[in-house]
Amino acid sequence: MDNLNLDQHISGQFNADLEELKTQLLEMGGVVQQQIIDAVAAIEQADSELAEKVMVIEDDVDMREVRLDENCTTVLARRQPAASDLRMVLAVSKATRDLERMGDEAQKIAKMAIALNEEGQAPHGYVELRHIGDIVEKMVNSTLDAFARFDVDAAVKVARDDKAVDREYKSAMRELVTYMMEDPRSIGRVMNIIWALRSLERIGDHARNIAEHIVYLVKGLDVRHTSVKEMERQVKDA
Amino acid sequence: MEATASVDNAAQAEENKLKTMKEEVIAQPSVDDIQGTVGTPFVENAKMSMRNVNVYYAEKQAIFNVGLDIGKNEVVAMIGPSGCGKSTFLRCMNRMNDTIDICKVEGSLTLEGQDIYDPKLDVVPLRARVGMVFQKPNPFPKSIYDNVAYGPRIHGLTNRKAELDEIVETSLRKASLWDEVKDRLHAPGTGLSGGQQQRLCIARTIAVSPEVILMDEPCSALDPIATAKIEELIAELSENFTIAIVTHSMQQAARVSNRTAYFHLGKLIEVNDTEKVFTNPEHELTEAYITGRFG
């Protein structure tokens, strides 16, 4: 049942309502995605202005979250959706929350960019930040793409990428801890980079959550709290 | 001039849209393509078992090879578009279709292993064991008391006043009607409100201690409050009775039943636990129906 036929209801208004939810979610995703890209760039380019912009956009993201939640509630109350329609509304509602959290993390990265500008650049960690930032930005992009196309395989790939991010994050931590032991005076500044890396890692986790919502939406499977292998197996069997 | 042209264009676009919609509706799968039932139509502790049931109205076949169990103390909801055969199937379960001359029922239908279409079987006690509640409340033009006492009297359960009183009170209590009518048991049953009348009919059905209760859209003539009361009652009754309910309200099926059976064009398409049917149905036709994708 990969083709969800969301536009095939007898009620044209219902089609429009569901389509609107999806559109709003993807729009919100687009804003959050840009926030993440800008936040990472703000650290790399030592651009406090860009960082300020990321923090201002956060209000817009919050507002979108509230509006999407209201719309989900309205569809539930007025249409009493069932089956794939119900899963659609639930998935949108949960994904909204994850997107909002991603926005929060982007805001934290932006704060670190400002702190680094004020306290001085860190001696290390920019390569790691660029590297993990790249993977995470791509993940968020593929997650939104997978949602738009109800693509379960792409969603599973996002979960796999999240494992890679976790590995990269651990290895970056080890390296940065070594630097800090060698040069304790840099601890404060390197910590700022570590917080930013931590936020990127969290964004990866939220992307994975959204990927799980996509599997639930399309296949009706709850793959939370399972390994990537188990997730792949369940998706294949369904 | 331009304005008229754009109106014409809009009308044309609307017409094309309607045309494609019609084509989409026609493009539904044909009944010949549907093979068998998906899900779990059979259970271990079946109260009633139906196997390979075919029903014909004269030449026209209304039910195609349906197999379904109703488990003990289970509530099974039957849903499907108009004319899908769900009511016909329900009515086979206590031989209500016998009253229709041109109706022919084939296959095996058993109540605790006993063939209910056995020619030697008397249908009157069968209908006491398998009671029925109809769409429109149909109390007899008698008092509330006599409506409930009617069954026990004709089935010869008892004739003693004290025992009858007790049966009437328990049945009305079970039907959650006692408190509303205890002071006017001898008022006519037809004087009650629609919801009360329906509960009176349920009291009348359970007065003869049936094992199975069949309900054919019991709430479709009732307002939401009366509907909620009947639904609450169904949950309570399922502790003592086995219930099969035909309903047009999918929310109702979702609320009251343990398992849901989806009928389509005389075939039983899917039977599954109600949670599954309403969150992740197996068959695409079930999905299409419960999400309102075709009429």
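Everything below is about the structure shown above.
What counts, and where the lines are drawn
Residues numbered from 1 in each chain as written. Chains lettered and ligands numbered in written order. Predicted model: local features only at pLDDT ≥ 70, side-chain atom pairs only at ≥ 80, totals over all residues. Heavy atoms only, no water. Helix = DSSP H or I, 4+ residues; strand = E, 2+ residues; numbered from the N terminus. Rg over C-alpha atoms; globule rule 2.2 N^0.38 Å. Buried < 20%, exposed > 50% of the residue type's maximum accessible area, 1.4 Å probe, protein only. Areas by Shrake-Rupley, 256 points an atom, 1.4 Å probe, with all protein chains shown as cover. Lys, Arg positive; Asp, Glu negative; His and termini not counted. Charge placed at Lys NZ, Arg CZ, Asp CG, Glu CD. Expected span 1.5 Å × (residues − 1). Contact = heavy atoms within 4.5 Å. Polar contact = N/O pair within 3.5 Å; in protein donor to acceptor, adjacent residues only side chain to side chain. 1 Å grid on protein atoms, 1.4 Å probe; cavity = no way out; pocket = protein on both sides within 12 Å on 5 of 7 lines; lining within 4 Å. Points joined across faces, edges and corners; volume = space filled by probe spheres on them. Nonpolar A, V, L, I, M, F, W, Y, C, P; charged D, E, K, R; others polar. Pairing = 2+ DSSP bridges. Axes fitted to C-alpha atoms, helices over the stretch in contact; angles between N-to-C directions. Parallel < 35°, antiparallel > 145°, perpendicular 65-115°, else oblique. Left-handed = near helix turned anticlockwise from the far one by under 90°. Buried area = accessible area lost by both parts, 1.4 Å probe. Salt bridge = Lys/Arg side-chain N within 4 Å of Asp/Glu carboxyl O.

Once that is clear, we can look at the overall build of chain A. Scanning chain A for helices and strands turns up seven helices and zero strands. Going from the N terminus to the C terminus, chain A shows its helices and strands as α-α-α-α-α-α-α. Against the globule reference of 18 Å for 238 residues, chain A gives a C-alpha radius of gyration of 19 Å, in line with a compact fold. C-alpha atoms of chain A, sized along the principal axes, occupy 65 × 40 × 20 Å. Counting all 238 residues of chain A, 52% fall into the buried class. A total accessible area of about 10900 Å² is found for chain A, and carbon and sulfur atoms account for 50% of it. In chain A, which carries 31 positive and 45 negative side-chain charges, the distance between the mean positions of the two groups comes to 6 Å.

In this section: helix H2 (residues 48-79) of chain A. Helical geometry note: an α-helix holds 3.6 residues per turn, so side chains three or four residues apart project in the same direction. Residue and element names in this part refer to chain A. Taking 1.5 Å per residue, 32 residues should reach 46 Å; H2 reaches 46 Å between its end C-alpha atoms and fits that length. Among the residues of H2, those classed as buried are Leu-50, Ala-51, Val-54, Glu-58, Val-61, Arg-64, Glu-65, Leu-68, Cys-72 and Val-75. Looking at the buried side of H2, the elements it contacts are helix H1 (12-44) and helix H3 (83-119). Where H2 begins, one side-chain oxygen reaches toward the backbone nitrogen of Glu-49, 3.1 Å away; that side chain belongs to Asp-47. A positive phi of about 40 degrees marks Gln-80, the residue just after H2.

Our focus in this paragraph is the environment of Tyr145(B). Residue and element names in this part refer to chain B. Considering the arrangement of structural elements, one finds Tyr-145 in helix H4 (residues 144-154). On the basis of relative accessibility, which here comes to 5%, the residue Tyr-145 falls in the buried class. For the pair Tyr-145 and Ser-49, spaced 96 residues apart in the sequence, the C-alpha separation amounts to 35 Å. Here Tyr-145 is in contact with Arg-153, Lys-161, Leu-164, Asp-165, Val-168, Leu-185 and His-186, once residues within four sequence places are set aside.

Turning to the layout of surface pockets, a few remarks are in order. All names here are of chain B. Within this model, the second largest pocket holds a volume of roughly 480 Å³. For the second largest pocket, the lining is made up of 19 residues, of which Arg-127, Met-132, Phe-140, His-155 and Arg-204 are closest to its centre. Classifying every residue of the lining of the second largest pocket by side-chain character gives 11 nonpolar, six polar and two charged.

Residue and element names in this part refer to chain B. Reading across the sheet, the four strands line up as E3-E2-E5-E6 and stay open at both edges, with antiparallel pairing between neighbours. With partners counted over all chains shown, the strands left at the sheet margins are strand E3 (60-71) and strand E6 (114-115), one partner each. The sheet contact formed by strand E2 (residues 46-57) and E3 spans eight bridges and is antiparallel. By the bridge assignment for E3, Tyr-57 is matched with Lys-60.

Residue and element names in this part refer to chain A. Closest axis-to-axis distance for the helix H6 (residues 187-219)/helix H7 (residues 228-237) pair is 12 Å, and the angle between their directions is 20 degrees. Relative to H7, the element H6 lies roughly parallel. Crossing angle aside, the handedness with which H6 passes H7 is left-handed. Along the contact surface, H6 presents Arg-208, Glu-212, Val-215 and Lys-219, while H7 presents Val-228, Met-231 and Val-235.

Residue and element names in this part refer to chain B. Although it is not a glycine, Ala-58 adopts a positive phi angle of roughly 50 degrees. Along the polypeptide, Ala-58 turns up in the loop between E2 and E3. Phi at Ser-176 takes a positive value of approximately 50 degrees, unusual for a residue other than glycine. By the secondary structure assignment, Ser-176 is in the loop between helix H5 (161-174) and helix H6 (178-181). For Ser-176, a relative accessible area of 33% corresponds to the partly exposed category.

All names here are of chain B. Among the five residues of strand E4 (residues 75-79), five are classified as buried, and the element is accordingly described as predominantly covered. Residue alternation in E4 divides its side chains into two sets, Val-75, Ala-77 and Ile-79 and Val-76 and Met-78, and both sets are buried. Pairing of E4 with strand E9 (residues 242-246), which is carried by four bridges, proceeds in the parallel orientation. By the bridge assignment for E9, Met-78 is matched with Val-246. With four bridges connecting them, E4 and strand E10 (residues 259-264) associate as parallel partners. Considered in E10, the bridge of Met-78 is made with Ala-261.

A few words on the interface of chain A and chain B. Listed by partner, the interface residues are 17 residues for chain A and 16 residues for chain B. Surface buried jointly by chain A and chain B totals about 1200 Å² across both partners, of which 48% is contributed by carbon and sulfur atoms. Where chain A touches chain B, the interface holds one salt bridge. In this structure, Asp85(A) engages Arg293(B) in a salt bridge whose closest nitrogen and oxygen atoms are separated by 3.0 Å. On inspection of chain A and its partner chain B, the count reaches 11 residue pairs in polar contact (both at pLDDT 80 or more). In terms of residues, the side of chain A that touches chain B owes the most to one element, H3(A), which gives five residues. Of the residues that constitute the side of chain A that touches chain B, the class distribution is eight nonpolar, six polar and three charged.

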